[in-house]
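Below are the chains, spelled out letter by letter.
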Amino acid sequence: MVKPPKSPPKSVVDTPVAALPARGGGLFPVVGVGASAGGLEALENFLAHVPAGSGMAFVIVQHLDPTRDSAMCELLQRITPMTVHEIRSHMKVKPNTVYVVPPNKDLTIVKGALHLMDLVTPRSRHLPIDLFFRSLAADQNEHAIGVILSGMGSDGSQGLRAIKEKTGLTVVQDPANAKFDSMPRSAITAGVADIVGPAEELAERILAYLQHVPAPTAIAESDLPSQTALEKITILLRESTGNDFLLYKKNTLNRRIERRMGLHKIDTLANYARYLRTNPEEIDLLFKELLIGVTNFFRDPAVWEYLTAKAIPAILAAHPAGKGLRAWVPACSTGEEAYSLAIAFKDALDLVKPNGRFSLQIYATDLDKDAIVKARQGGYPENIAADVSPERLARYFTAEGNGYRISKEIRDMVNFAPQNITTDAPFTKIDILSCRNLLIYFSPELQKKLIPLFHFCLNREGILLLGNSETVGNFTHLFAPQDDKMRLYRRIDHALTLAEVAFPKKISHEASSVAEDPQEEGQSDNMQLMVEQLLLQCYAPPAVVVNDRGDILYFSGRTGKYLEPAAGKANLNIHSMAREGLRQALTGLVRRALRQKTAIHLNNLQVGTNGGTQIVNVTVRAVEQPAGLSGKVIIVFNDVATPPAVKASRKTSTEVANSALTEEVQHLREELQMTRDEMQTSQEELKSTNEELQSTNEELQATNEELTTSKEEMQSMNEELHAVNAEMQSKVDDLLWVNNDMSNLLNSTEIVTVFLDAELRIRRFTPGATQLFKLIPSDVGRPLTDIASDLDYVQLREDTQSVLNTLVFGEKQIATHDGRWFKVRIMPYRTHDNVINGVVITFVDIGETKRLEAELLNLRASVRPEGVPQ
């Protein structure tokens, strides 16, 4: 039954909700809801609790029978006040509306419009929820919300990953409350669920998240006294994980942090930084959030078709005798891209059928150690069938349970390892380097460091494969596009100096000063007090504490019945002091206790005493707490009451001796077996160490060769720098003389000259300019119109701007306030490259000319004949 009933109380659906935070461009959340046909109850419970006026649009995608009509619209309209529509192609989504996909159709969304597509084969297995969620993530970005309800299979998990990668919200029904729990459980196992809960609670939690999502400028405006809150968060991440996320793009980093803040209902970045300091587990979750990346087999199929049909065959053709090729796939995530490359190589071999013998060794690395573990396992859900052709599934995969496992042939081609591409040493002598959709998350500065590094790692004619939104930038002298549309580049044989290649360096940061536990600070260093406290809490019988060699460090209680000093030089070793019957039993037990970390019990041991025997139970246990006793072993002795005497034949001394010898032989056998186990473990460790040393030796040899080459390049570069330095010094001398000549020319001329830049700010002026403007040397860079002037020229700025716009010089005669006259000429300032970069204004004193004109007019007036009009 639906909870609440199908006619929900007004308080549920008609309760107004607080306005959602403003979103740019009139955007609103679009919620994709995925469920199977049998998940109607969960769907009704979910929609029944969406308040009226929530401001969200809901798109329902279900696994429906393609041969039957659906009554889903009528059923849902009864339990929600929102308008419910069956989707038609090109229908625009609107808030407070529910859209239902019709049977026998697939659905995508582009620019806010829903598009229906016919199924290629209606009865074939397809994944409509993944298809829609992926398009929803690409179209709505952070405004996308994906909800997975009750359903069979794993449909929707990959779509939720795409939404999460775009910093949208992912919501999953609690499998314990789902009628069919496969889809919710698959999403949770994949680690892509932000919110998990019963269907009737999900709507409320979505609204709570949307109410607390920070505004896009919240992080940029944060300001902490000593350093920004964002810097504090990256420092906490660096100290916890060893990775510096300041190298990531700020927008990417901010969006991921905003998501976590919304999930925890934290409004300010400063409060989130404090939350991280007190909740270390949140640091791990934020770290995982930053590593989320969309990956699937043969992503962008056209790229892989080109790689299989042209790029890889070209590499094979360059080595007709055959070769062992090497490839590197950084940021491999859970291994899909690395395995895709291995499969493409195998397909290319089948296509070309070369005469030579070829192999490909792929090194796949990622920052996420958990993802590396999954990649090594090679197990994937059944929904990879949407990306892998049936032929490839049959050849390179084996069906296993509800998914597929990569074949051993492909698995053996790939070596997975954790690696931080920004701090760890790269792989070298690579023929194929596939780094797709990683650079887009890095800052431009880091991208400029990685492209030359990739050039250094690749062999001659090696190929670099980037994502659709990535390029080599300005490094066209290092890589030539083999197919620019596919973002496939061929390495150009261009020598790089060491200065041009930024080799990764380990992050060095000071260890955080963490306050010591007060309880630990207050602990006494007195071993006696610590041991007595331990014994009082756990044991009352006599006991001793020994180290890993069996040397007794402390006695507790009366141990004389079990231990006695050995004759000769004083020796406090447990094996020397143990009495008859106890010595053989304790052989090898100290090391065994330290190794297995659990208590060892020896019962009913007959220990020789002064003139008789005593039955004793012995407990041997490694000590882990308190820290002062860590690595020590405690041996506790418990007396056992002697059983009632029974009639028995008296054993001869020979039988007693034989029994003791048999027991000792048994203990020796056990110790020998433990020694063999330790030797076998040591051999495995030595073998692993030897392989690591061999790998390190190869890397060192390669590094040595590179350093030798770099040394020669440095020597050659040093000679070139000397020559360039001499040439530059000569040019500097010439420029100095030209500057001197120019300064003397400007100082000696009687023409007042002012140079302005394109913003009409003063660039330079001659000394005479101070007669017209109140100029001082520090006025360079200020607008000329801000300087007080003697000129009666209010249109100076307009005339100057007009010349700058039209490139036509202007000339006027302007008077000063004290009666002087100047001819003002304004001309465009042209650079050596014929680029207009400001104006030049000259002021020529025409006071004498004006005086002569006035005298001439007066003279004409005085000699004019009578009767001639003036």
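About the criteria used
- Residues numbered from 1 in each chain as written.
- Predicted model: local features only at pLDDT ≥ 70, side-chain atom pairs only at ≥ 80, totals over all residues.
- Heavy atoms only, no water.
- Axes fitted to C-alpha atoms, helices over the stretch in contact; angles between N-to-C directions.
- Helix = DSSP H or I, 4+ residues; strand = E, 2+ residues; numbered from the N terminus.
- Left-handed = near helix turned anticlockwise from the far one by under 90°.
- Contact = heavy atoms within 4.5 Å.
- Nonpolar A, V, L, I, M, F, W, Y, C, P; charged D, E, K, R; others polar.
- pLDDT = per-residue confidence, 0-100.
- Buried < 20%, exposed > 50% of the residue type's maximum accessible area, 1.4 Å probe, protein only.
- Arc of directions from axis to C-beta.
- Salt bridge = Lys/Arg side-chain N within 4 Å of Asp/Glu carboxyl O.
- Pairing = 2+ DSSP bridges.
- Right-handed = clockwise from strand over helix to strand, strands pointing away.
- Patch = residues over 30% accessible without salt bridge, like charges linked within 9 Å, V, L, I, M, F, W, Y side chains within 5 Å.
- Areas by Shrake-Rupley, 256 points an atom, 1.4 Å probe, with all protein chains shown as cover.
- Phe/Tyr/Trp six-rings, centres within 6.5 Å; stacked < 30°, edge-to-face > 60°.
- Lys NZ or Arg CZ within 6 Å of the ring centre and 35° of its normal.

Axis separation between helix α12 (residues 301-317) and helix α13 (residues 336-352) bottoms out at 9 Å; the angle between their running directions is 65°. Judged by the sense of rotation from one axis to the other, the crossing of α12 with α13 is right-handed. Contacts from W304, L307, T308, A309, I312, P313 and L316 of α12 reach α13 at E337, S340, L341, A344, F345, D347, A348, L349, L351 and V352. Broken down by class, the residue content of the contact of α12 with α13 amounts to 13 nonpolar, two polar and two charged.

With that settled, the discussion passes to the side chain of D347. Looking at the element boundaries, D347 is found in helix α13. For D347, the contacting residues outside a window of four places in its chain are T308, R392, R395 and Y396.

Across the chain, the average pLDDT comes to 80, with 85% of residues at or above 70. Note that pLDDT drops below 50 for residues 1-19; the model gives that stretch 39 contacts with residues more than four away or on any other chain. The low-confidence segment residues 646-653, where pLDDT is below 50, has one contact with residues more than four positions distant or belonging to other chains.

What follows deals with helix α6 (residues 182-189). Of all the positions in α6, only M183, P184, S186 and A187 are classed as buried. End-on, the buried residues of α6 take up no more than an arc of 160°, which puts them together on one face. Taken together, the buried residues of α6 touch β1 (30-36), β2 (57-63), α4 (128-140), β8 (144-148), α5 (157-165) and β9 (169-173). Of the residues flanking the end of α6, it is G191, one or two places downstream, whose phi is positive at about 75°.

Under the definition given, this model contains 31 salt bridges. Of the charged contacts in the structure, one is a salt bridge between D818 and R820, with a shortest N-O distance of 3.2 Å. Judged by its relative accessible area of 25%, R820 is partly exposed. Several salt bridges converge on common partners, so that one network encompasses D347, D350, R392 and R395.

Strand order across the open sheet formed by three strands is β4-β7-β6, with antiparallel pairing between neighbours. Among the strands making up the open sheet, the edge pair consists of β4 (91-92) and β6 (105-110). In terms of strand pairing, β6 meets strand β7 (residues 113-118) through six bridges, oriented antiparallel. Residue pairing for β7: L107 is matched across the bridge by L116. This element, α4, spans β6 and β7 of the sheet and lies at about 10° to β6.

Relative to the helices and strands, P102 is located in the loop between β5 (97-100) and β6. The class of P102 is buried, set by a relative accessible area of 10%. If sequence neighbours within four positions are ignored, P102 has contacts with L64, E86, I87 and L116.

To continue, consider the sheet that holds strand β29 (residues 821-830). The strand order β27-β26-β30-β29-β28 describes an open sheet built from five strands, whose pairing is antiparallel. Each edge of the open sheet is held by one strand with a lone partner, namely β27 (762-765) and β28 (810-815). Taking each pair of neighbouring strands and ignoring which way they run, the sheet shows an average axis angle of 20°. Direction of pairing for strand β26 (residues 752-756) relative to β27: antiparallel, over a ladder of three bridges. Pairing of F755 across the sheet is with R764, part of β27. Seen against the sheet, helix α24 (residues 796-806) touches β26, β28, β29 and β30 (836-845) and runs at an angle of roughly 130° to β30.

Backbone geometry at N104 places phi at a positive 65°, although glycine is not the residue there. In this fold, N104 is placed in the loop between β5 and β6. Taking relative accessible area as the criterion, N104 reaches 29% and is therefore assigned partly exposed.

Before going further, it helps to examine the pairing of strand β18 (residues 458-466). Extensive coverage of β18 is indicated by the burial of seven of its nine residues. In terms of strand pairing, strand β17 (residues 430-435) meets β18 through five bridges, oriented parallel. Within the sheet, the bridge partner assigned to L433 lies in β18 and is L464. Note that the unit made of β17, helix α17 (residues 444-457) and β18 has a crossover that is right-handed.

A word on a nonpolar patch on the surface. A surface patch of nonpolar side chains, amounting to about 290 Å² of accessible area, comprises L856, L859 and V863. Structurally, the position occupied by V863 is in the segment after α25 (847-862). Relative accessible area serves as the criterion here: at 58%, V863 is assigned to the exposed category.

Let us look at the packing of aromatic side chains. The tally for this structure, following the rule as stated, stands at 15 aromatic pairs. Ring geometry for W328 and F454: centres 6.3 Å apart, planes at 90°, overall edge-to-face. Of this pair, W328 sits in strand β11 (residues 322-329) while F454 sits in helix α17; the two residues are 126 residues apart in sequence, bridging distant segments of the chain. Judged by its relative accessible area of 0%, W328 falls in the buried class. When the ring of F397 is compared with that of Y404, the centres are 6.5 Å apart and the planes differ by 80°; the resulting orientation is edge-to-face. The exposure class of Y404 is partly exposed, given its relative accessible area of 22%. Joined through ring pairs, the aromatic side chains of F297, Y339, Y380, F397, Y404 and F416 make up one cluster. The ring of W821 is capped by K850, whose NZ or CZ atom sits 4.4 Å from the centre of that ring.

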